[in-house]
Amino acid sequence: MASIKIVRRKNKQRKDGTAPLALRISKDYKTNYCFLGQYVLDKDWNADEGKVKKSHPNSKKLNNFLLKKLTEANDISFEKNNNSSSKLIKKNLQGSRTRNSFYKIAALRIETKFKRGVFSVAKSELSILYNLEEFMNLDESLTIEEVKDAIKKRRKERISKGRKYEYHWDDAITYFKKNSSLYFEDINEFFIEKYKTFCQVYLEHKTRTKTNQLIFIRTLFNSAINDKIIDKKFYPFGGDKEKIKIGSGNKIGLTAPEIQKIENIELTEDTSIYHTQNVWLFTFYFAGIRISDAIKLKWSDFKDGRLFYVMNKNEKPLSLKVSEKAEAILEYYKQDKEANNGFIFPFLKDVNESDTEDVFRKTRNATKLLNKYLKRIGGICEIDKNLSNHIARHSFGNIAGNKIHPRMLQKLYRHSDLKTTLVYQANFIHEEADDALESVINF
């Protein structure tokens, strides 16, 4: 019979003081190690009992995991009886498939998105890989502030190189394709739990941002399992493992009086803040079309007093009447039709339309600029809500309330499913809840 024990490989200790846990499989004077993807500090490890101490933040869950792995290894040893070597037991425990780098599979997926021109999604997913790398390289001997500063410095350097064209997304893809420091088998529920903590403490991510990263990791696992790259037994989601909960969040829109405040402020013409006021109101007048889409609108999109609009997010077409208020904004920009190269607003007048990456970059820069000046407009109007690009859509929903039939709102919002519209609009309809509350407290 093979002798199997869980040990802490202190000879492979990392800079942060943690060392990997492994199954030590010994038989016939030969020993093999099967690493479990978990790293612990010496102070949290009980070498005699082969489990973590209560001082470890996830001692109960981790010890359950270790017991499960130990049982699995012993079962294989019993099954093979005396015909198996320590190497064979390890091989059966790991599975016959060659381990694949999580980074490599993720990089291939992101590369495809870049080539298809889906830059916003590709860049956000690439950011997740950098976040994971920061987590893998975390030096817990440093203070939280020291780690935060180092992460911000590295991110700033990448952005600076990108702006100077010294670093392209191709370089990032190549880097992660060659990076084999993270495997699918390393990502289990304990890894995910620690990563969520890292995102919250060191990256200061909100709940939705953390959730989006877990969804990305889950998507990669599903794809890898379907492609027979990894065995489904390593899947860390569902069942009694990690469950991804997507919260609805609070969608807060402006009221009609607050919209009127924005309409009535007088700003110096042909300035960035003046264009911001016009673009934001323009999106509101068309049921909250996305700012990134509004920036790309051209005069050719308007015919017979109507906007023929294709939503970039889901490529759904829609025709909307140009209201008097929207027409007034269009009238102002008619004088610059040629100067803006056919665009309504001036933000993309110098863009190379045949270069999808240039269109994306200039659109993204414009939306950042608009968000900056919207904050100033909010201050001028004394609006204490977070005035942002997307709040135009929430504002339309808030004012619409239950005045417009859900089917019509579904059309205006370009939602595929009426349920999506009903859930979205529920954020802004409070009358029944308010009446119910009043009926109880006003006795």
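Conventions we followed
- Residues numbered from 1 in each chain as written.
- Predicted model: local features only at pLDDT ≥ 70, side-chain atom pairs only at ≥ 80, totals over all residues.
- Heavy atoms only, no water.
- Helix = DSSP H or I, 4+ residues; strand = E, 2+ residues; numbered from the N terminus.
- Buried < 20%, exposed > 50% of the residue type's maximum accessible area, 1.4 Å probe, protein only.
- Contact = heavy atoms within 4.5 Å.
- Pairing = 2+ DSSP bridges.
- Axes fitted to C-alpha atoms, helices over the stretch in contact; angles between N-to-C directions.
- Parallel < 35°, antiparallel > 145°, perpendicular 65-115°, else oblique.
- Nonpolar A, V, L, I, M, F, W, Y, C, P; charged D, E, K, R; others polar.
- Left-handed = near helix turned anticlockwise from the far one by under 90°.
- Phe/Tyr/Trp six-rings, centres within 6.5 Å; stacked < 30°, edge-to-face > 60°.
- Lys NZ or Arg CZ within 6 Å of the ring centre and 35° of its normal.

Caption draft 1: Local environment of the overall build of the protein. When you go through the protein residue by residue, the secondary structure sums to 17 helices and eight strands. Counting every position in the protein, which comprises 443 residues, the buried fraction comes to 44%. Sequence-distant contacts, at least 24 apart, represent 60% of the contacts inside the protein between residues at least 6 apart.

Caption draft 2: Structural view of the sheet that holds strand S7 (residues 306-310). Here three strands make up an open sheet; going across it, the order is S6-S7-S8 and the pairing antiparallel. Across the chains shown, the open sheet's two edge strands, defined by having one partner strand only, are strand S6 (302-303) and strand S8 (317-321). Across five bridges, the pairing between S7 and S8 is antiparallel. From the neighbouring strand, Tyr309 faces S8, where its bridge partner is Leu318.

Caption draft 3: The arrangement of the packing of helix H3 (residues 102-115) against helix H8 (residues 207-226) in detail. Where H3 contacts H8, the axes come no closer than 11 Å and their chain directions differ by 95°. Judged by the angle between their axes, H3 and H8 are roughly perpendicular. Between H3, through Phe102, Ile105, Ala106, Arg109 and Ile110, and H8, the contact on the second element is made entirely by Phe216, Ile217, Thr219 and Leu220. Taken together, the residues of the contact of H3 with H8 break down into seven nonpolar, one polar and one charged.

Caption draft 4: Examining the side chain of Gln213 more closely. Considering the arrangement of structural elements, one finds Gln213 in helix H8. Taking the relative accessible area as the measure of exposure, Gln213 reaches 3% and is therefore buried. Sequence-distant contacts of Gln213, defined by excluding residues within four places in its chain, comprise Ile128, Asn131, Tyr195, Cys199 and His205.

Caption draft 5: Molecular detail of the packing of helix H7 (residues 189-201) against H8. Close contact between H7 and H8 brings their axes to 10 Å; oriented N to C, the two are set at 145°. Remark: the crossing between H7 and H8 carries right-handed chirality. Along the contact surface, H7 presents Ile192, Tyr195, Lys196, Cys199 and Gln200, while H8 presents Lys210, Gln213 and Leu214. Residues belonging to the contact of H7 with H8 are distributed by class as follows: four nonpolar, two polar and two charged.

Caption draft 6: Representation of the environment of Val201 within the structure. Examined against the element boundaries, Val201 turns out to sit in helix H7. Here the alpha-carbon distance between Val201 and Ile144, two residues 57 residues apart in the chain, equals 7.8 Å. With residues near it in sequence (within four places) discarded, Val201 still touches Ile144 and Lys148.

Caption draft 7: Inspection of the pairing of S7 at higher detail. Because side chains alternate across S7, one face comprises the buried residues Leu307 and Tyr309, and the other comprises Arg306, Phe308 and Val310, none of which is buried. Pairing between S6 and S7: two bridges, direction antiparallel. Paired with Phe302 across the strands is Leu307, a residue of S7. Linking two consecutive strands that pair antiparallel, namely S6 and S7, is a turn of two residues; a positive phi of about 50° is found at Asp304 within it.

Caption draft 8: Expanded view of the packing of aromatic side chains. Summed over all chains, the structure comprises 25 aromatic pairs. Put simply, the rings of Tyr274, Phe282, Phe286, Phe302, Tyr332, Tyr333 and Phe345 touch in pairs and so form one group of aromatic residues. Geometry around Tyr33 places Arg9 over its ring, the cationic atom sitting 3.7 Å from the centre. Over the ring of Trp299 we find Lys337; its NZ or CZ atom is 5.0 Å from the centre of that ring.

Caption draft 9: Representation of the sheet that holds strand S3 (residues 30-41) in the model. Overall, antiparallel pairing links the three strands, which are arranged S1-S2-S3 in an open sheet. In the strand order of this sheet, the two ends are held by strand S1 (3-8) and S3, each with one partner. Averaged over all adjacent pairs, the angle separating strand axes in this sheet is 20°, with direction ignored. Pairing analysis gives nine bridges linking strand S2 (residues 18-27) to S3, with the strands arranged antiparallel. Within the sheet, the bridge partner assigned to Lys27 lies in S3 and is Lys30.

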